[in-house]
Amino acid sequence: MHTITLNGSETPIAVGKIICLARNYVAHAHELGNEVPSEPVIFIKPASSMIFEGDQVEIPPYSDDCHHEVELAVLIGTQGKNIAAEDAMSHISGYGIAIDMTLRDTQAKLKEKGFPWEKAKGFDTACPISRFVNADQIDDPHNLAIQLSVNGQLRQDSNTACMIRRIPETIAAITQGFTLEPGDIILTGTPAGVGRVVSGDTMATMIEGIGTLQVSVK
Ligand code: ZN
C-alpha cells in the first residue's frame, strides 16, 4: 500500500490512482511545440511511483533526458462519478505539491509511435509528492504561486491562475469516464520552464499556502 499524509496527521491515506493532466498551461504547451488541447489530455501514474521529502529520483537506464514538471496536486476525499463542476470542489479533501518526472526522450519515441506514455511517466520514483494540507486551508487554489528550482536556480515560476482548465471542469471531465475515489490524486499540469535534471541535482519546489518539497536525483 502506498500512502500520503494530510495535515500532519499520523494516519496514512492510501493512494489509489494518480490522474495527470497534460498541457494545462498555455506557455508550457507552446514550449514543447504542442497545441492547447480542446479536451483534457490525461494519463495515470501508479501509486508505486510516489517518493517523498528527501528521497531520490532514480532515472531508468533507458533514458538520458529526465525532466521536472512541478504541479499542484489535488486529493480526493469523497467518491463521485459524473460530478458536476458546481459540486466538484466539495469532493476535494486536500492540496499538495507533486513533481511529474518525465523521461522526455522516451516520451518522444512513444508519442511518435502512438504508444502509451507510462514508461516515460510512471516508472518508480516518477512522482515525488509532498504532505497534503486540508482543502479548507486554501482559499483559492487557482491563485497560488508555484515554483521549482534546480540547485538553487529558479526554473519554473508561475501561478496556478495560469491553468487553462480549472479544477472543477477537470473533475467534471475526468468523472465522465472514471470514478474518483477517496485517496485518488489529480495532478493539474505544469507551467512553463520544464527542463532536464541529472545525477546529483537537487530540486526544490514551493506552492504558496501548501509548503515545500525537496528531492534529489540519484
Ligand atoms: Zn505533467
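Everything numeric here is computed off the predicted structure, so don't read it as measured data. (Residues numbered from 1 in each chain as written. Predicted model: local features only at pLDDT ≥ 70, side-chain atom pairs only at ≥ 80, totals over all residues. Heavy atoms only, no water.)

## Some remarks on the coordination of the zinc ion
Distances from the zinc ion to its protein donors, namely E69 (OE), E71 (OE) and D100 (OD), fall within the range 1.9 to 2.1 Å. When the donor residues of the zinc ion are listed from N- to C-terminus, their spacing reads E-x1-E-x28-D. (Donors = N, O, S within 2.8 Å, 3.2 Å for Na, K, Ca; no water.)

## Regarding the pairing of strand 18 (residues 211–217)
Where strand 6 (residues 56–57) meets strand 18, two bridges bridge the pair, whose relative direction is parallel. Residue pairing for strand 18: Q56 is matched across the bridge by S216. Across six bridges, the pairing between strand 17 (residues 202–207) and strand 18 is antiparallel. Bridge pairing in strand 18 places I207 opposite G211. (Pairing = 2+ DSSP bridges. Helix = DSSP H or I, 4+ residues; strand = E, 2+ residues; numbered from the N terminus.)

## Description of empty space enclosed by the protein
Within this structure, the stated rule accounts for one cavity of 30 Å³ or more. Each pocket or cavity is described by its volume, and for the largest cavity that value is around 120 Å³. Lining the largest cavity are 18 residues, with A22, R23, H28, E69 and K121 positioned closest to its centre. Put simply, the parts of the chain that give the lining of the largest cavity at least two residues each are strand 3 (18–22), helix 1 (26–31) and helix 3 (104–113). Ranked by the residues each element gives to the lining of the largest cavity, the list is headed by helix 3, at three residues. Here the residues of the lining of the largest cavity are counted per class, giving six nonpolar, five polar and seven charged. (1 Å grid on protein atoms, 1.4 Å probe; cavity = no way out; pocket = protein on both sides within 12 Å on 5 of 7 lines; lining within 4 Å. Points joined across faces, edges and corners; volume = space filled by probe spheres on them. Nonpolar A, V, L, I, M, F, W, Y, C, P; charged D, E, K, R; others polar.)

## Considerations on the sheet that holds strand 8 (residues 70–76)
Here six strands make up an open sheet; going across it, the order is 4-3-15-8-9-12 and the pairing mixed. Of all strands in the sheet, those bounded by a partner on one side alone are strand 4 (41–45) and strand 12 (133–134).

## Quick look at helix 3
Residues of helix 3 that are buried include every one of R104, T106, Q107 and L110, and no others. Seen end-on, helix 3 carries its buried residues on one side only, within an arc spanning 155 degrees. Residues of helix 3 that are exposed and point over 90 degrees away from its buried face: K109, E112 and K113. Buried residues along helix 3 sit against helix 1, strand 7 (66–68), strand 10 (102–103) and helix 4 (118–121). (Buried < 20%, exposed > 50% of the residue type's maximum accessible area, 1.4 Å probe, protein only. Arc of directions from axis to C-beta. Contact = heavy atoms within 4.5 Å.)

## A closer look at the state of the cysteines
This model, assessed by the stated rule, comprises zero disulfides. C66 forms no disulfide, and the closest cysteine sulfur to it belongs to C127, at a distance of 12 Å. Assessed through its relative accessible area of 1%, C66 is described here as buried. Between C162, a cysteine without a disulfide, and C20, which holds the nearest cysteine sulfur, the sulfur-to-sulfur distance is 20 Å. Taking the relative accessible area as the measure of exposure, C162 reaches 43% and is therefore partly exposed. (Disulfide = S-S within 2.5 Å.)

## Observations concerning the sheet that holds strand 16 (residues 195–197)
Here we have three strands laid out as an open sheet, ordered 10-7-16, and antiparallel in their pairing. Of all the strands in the sheet, the pair left with one neighbour each is strand 10 and strand 16. With three bridges connecting them, strand 7 and strand 16 associate as antiparallel partners. In the strand pairing of strand 16, C66 is matched with V197.

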